[in-house]
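Given next are the chains, with one letter for each unit.
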Amino acid sequence: MHPAPSVIIFSTLSGLGFGLLVFLGLGWPAPTGWVAFVFFALAYILAVGGLIASTFHLGRPERALKAFTQWRTSWLSREGVCSVAALLVMAIYGAGLVFFSDRWAVLGWIGAALSLGTVYTTSMIYTSIRAVPRWNNITTPVMFLTLSLAGGALLAGQVTAAIVLLVLGGLAQGAHWLVGDQAFTKAGTTLGTATGLGARGAVRSFEPPHTGTNYLLKEFVYVLGRKHALKLRVIAMILMIVLPVLILLLAPSHLFAAVAVLSHLAGVATARWLFFAEAEHVVGLYYGHRRDVEARQPVQQP
Amino acid sequence: MTQLPTATQRKLGLVIDLDTCVGCHACVISCKGWNTENYGAPLSDLDPYGPNPHGTFLNRVHSYEVQPPDLGTGTPAPAQLIHFPKSCLHCDDAPCVTVCPTGASYKRVEDGIVLVNESDCIGCGLCAWACPYGAREKDEVEGVMKKCTLCVDRIYNENLPEVDRTPACVRTCPAGARHFGDLADPDSHVSQLVAERGGMDLMPEMGTKPVNKYLPPRPRDASQREEIDILAPFLEPVAEEPKGFLGWLDRALDALPGGKS
């Protein structure tokens, strides 16, 4: 899949922002006055900034409001509804802390649940796509949720929670890679099933439909950079998990915490780039992709 | 809107005969022509006369080579070239419809056609992600998703002569490889073709339940596999061993150093 910068920025920043809102909603920490203002401002800049970035890839952004209507079936619509609800509830809750030094706990819990729900709906947009086997499994929502909570704990200054959640997030990301690497083969879709000709012999793409490129190839058959996947996975894991955990264990100060947050942010962005760049859509089969993988599979006998 | 109907009254769709298709791309061109001039936004072309022309198409023809396995005869069976037109399959369980956040995508209850209401589409592209077949493309000029409409503006169009009330691709196919009809009616000619020829689904494991069916190529004639031609026996060598002058030459060359192979 094409790793569109707008979508990577969105999922990285919003994940972190809504993760922070979860912790603020639960009252860990429960600051008041100016400190509360800084915390909420940071959370809103991340969450809203990400949401705005996500509209950049739309063909018709001026109609974006229509995307709130189809929550019955569409995870993208549910994400829109859930995120706006979370931001509104948390705005009232935040106003209580900033202006009245009063913590309206129930409102905070609702806001925290909605914030976590927003991250879940985001992850389900990808998980529900059966045509991308790497995403179409439970490791996707688990990875999104744990990493969002880990980033939130890191920003909220919850050192113990952050260490535990970062380790869990690292495990979830690792599981997503391990399961994902086998997912396409396990889904059983080959050029043989795509054309219905597999039972007759070995199917090979002989000639594409056109000499130039097209939307499908640009959007779904992204192969650039896959050869560096392993190196990028190691870099992502070090930046996202290892470095922040070491900093929290060895030197938990404000200055180093900022380094840990930036390192985590860069790591998540790298992992999210891989999340898209490594994901293979089954439509690539029609254009002769994965031939190297299929060549290793036994040919079906008629 | 994006909830799929539990059942549709009819299932209009295409049956594509892979045995007959000659890969001429006439369906691609007639589709592009009709759908650029009629329903919805035109199908744009970018850089059409420049070095990198590309654009929106609702129907594209791939070509595949199928190499049958060697059945122990020693000589591999001849490979087959199969031309493969691909467009929207108007799935019963269309994943492109349910993911649509705006309700622009829908499946019609009356005939099962999957359509996009272009004035509601925000061009997020999620429907194209959800489609395993690559049947939806975002038009780069219009910013909305384009897909096969089954020529909904032809098949019910009473301004057209009756013979033209089929999708443009079907009307134009010079080989008669494309058939249009109601696949919910077991007596329709398309349903009968599917029953007779073993019509198949593409990627059945994706659970989309496509309405469109593909007719597999018929098996090759046995004569092609075993005997080249009925006249072949007349072309067999009349003499296995050379005689006369050629016989002497053969023996003389063999006798030279390195001659006998």
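Residues numbered from 1 in each chain as written. Chains lettered and ligands numbered in written order. Predicted model: local features only at pLDDT ≥ 70, side-chain atom pairs only at ≥ 80, totals over all residues. Heavy atoms only, no water.

Peer 1: Help me out: how do you make sense of the sheet that holds strand β1 (residues 12-17) of chain B in this one?
Peer 2: Residues and elements named next belong to chain B. In space, the three strands of this open sheet follow the order β10-β1-β11, with mixed pairing throughout. At either end of the open sheet lies a strand with only one pairing partner, and these are β10 (178-182) and β11 (213-215). When strand polarity is set aside, the average angle formed by the axes of neighbouring strands in this sheet is 25°. Summarising the sheet, β1 and β10 pair through five bridges and their orientation is antiparallel. The residue bridging Val15 from the neighbouring strand is His179, located in β10. (Pairing = 2+ DSSP bridges. Helix = DSSP H or I, 4+ residues; strand = E, 2+ residues; numbered from the N terminus. Axes fitted to C-alpha atoms, helices over the stretch in contact; angles between N-to-C directions.)

Peer 1: When you look at the sheet that holds strand β5 (residues 80-87) of chain B in this model, what are you seeing that I'm missing?
Peer 2: Sheet strands pair by backbone hydrogen bonding; their relative direction is either parallel or antiparallel. In spatial order, the strands read β1(A)-β4(B)-β5(B); together these three strands make up an open sheet with antiparallel pairing. Edge positions in the sheet fall to β1 (202-207) of chain A together with β5 of chain B, since each has one partner strand and no second. The average undirected angle you get between the axes of adjacent strands in this sheet is 35°. In this sheet, strand β4 (residues 59-67) of chain B lies alongside β1 of chain A in antiparallel orientation, the contact comprising five bridges. Bridge assignment links Ala202 of chain A to a residue of β4 of chain B, and that residue is Gln67 of chain B.

Peer 1: Quick question: what am I supposed to make of the interface of chain A and chain B here?
Peer 2: Often the size quoted for an interface is simply the accessible area lost on bringing the parts together. With 59 residues of chain A at the contact, the number on the chain B side is 64 residues. Here chain A and chain B share an interface that buries about 4900 Å² over both sides, 58% of which is from carbon and sulfur atoms. A per-residue breakdown of the area chain A buries against chain B is headed by Arg200, Tyr215 and Tyr286 of chain A, which together make up 15% of the total. At the boundary of chain A and chain B, one finds four salt bridges. Across the pair Glu140 of chain B and Lys218 of chain A runs a salt bridge whose closest N-O atoms are separated by 3.0 Å. For the pair chain A and chain B, the number of links is 34 residue pairs in polar contact (both at pLDDT 80 or more). A per-element tally of the side of chain A that touches chain B places β1 of chain A first, with six residues. (Contact = heavy atoms within 4.5 Å. Buried area = accessible area lost by both parts, 1.4 Å probe. Salt bridge = Lys/Arg side-chain N within 4 Å of Asp/Glu carboxyl O. Polar contact = N/O pair within 3.5 Å; in protein donor to acceptor, adjacent residues only side chain to side chain.)

Peer 1: How do you make sense of the domain arrangement of chain A when you look at a structure like this?
Peer 2: All names here are of chain A. Parsing chain A into structural domains produces domain 1 (1-128) and domain 2 (158-302). Contacts between the two partners involve 13 residues from domain 1, matched on the other side by 18 residues from domain 2. Between domain 1 and domain 2 lies a buried interface of about 1400 Å² when both sides are counted; carbon and sulfur atoms form 75% of it. On the domain 1 side of the contact with domain 2, Met1, His2 and Pro3 bury the most area, a combined 44% of that side's loss. (Domains from an automatic or database assignment.)

Peer 1: Where do I start with the confidence of the model for chain B in this structure?
Peer 2: A low pLDDT score tells you not to read the predicted coordinates there in detail. Scored by pLDDT, chain B has a mean of 91; 94% of the residues are at 70 or more. On the interface metric, ipTM, the complex scores 0.91, and its pTM is 0.89. (pLDDT = per-residue confidence, 0-100.)

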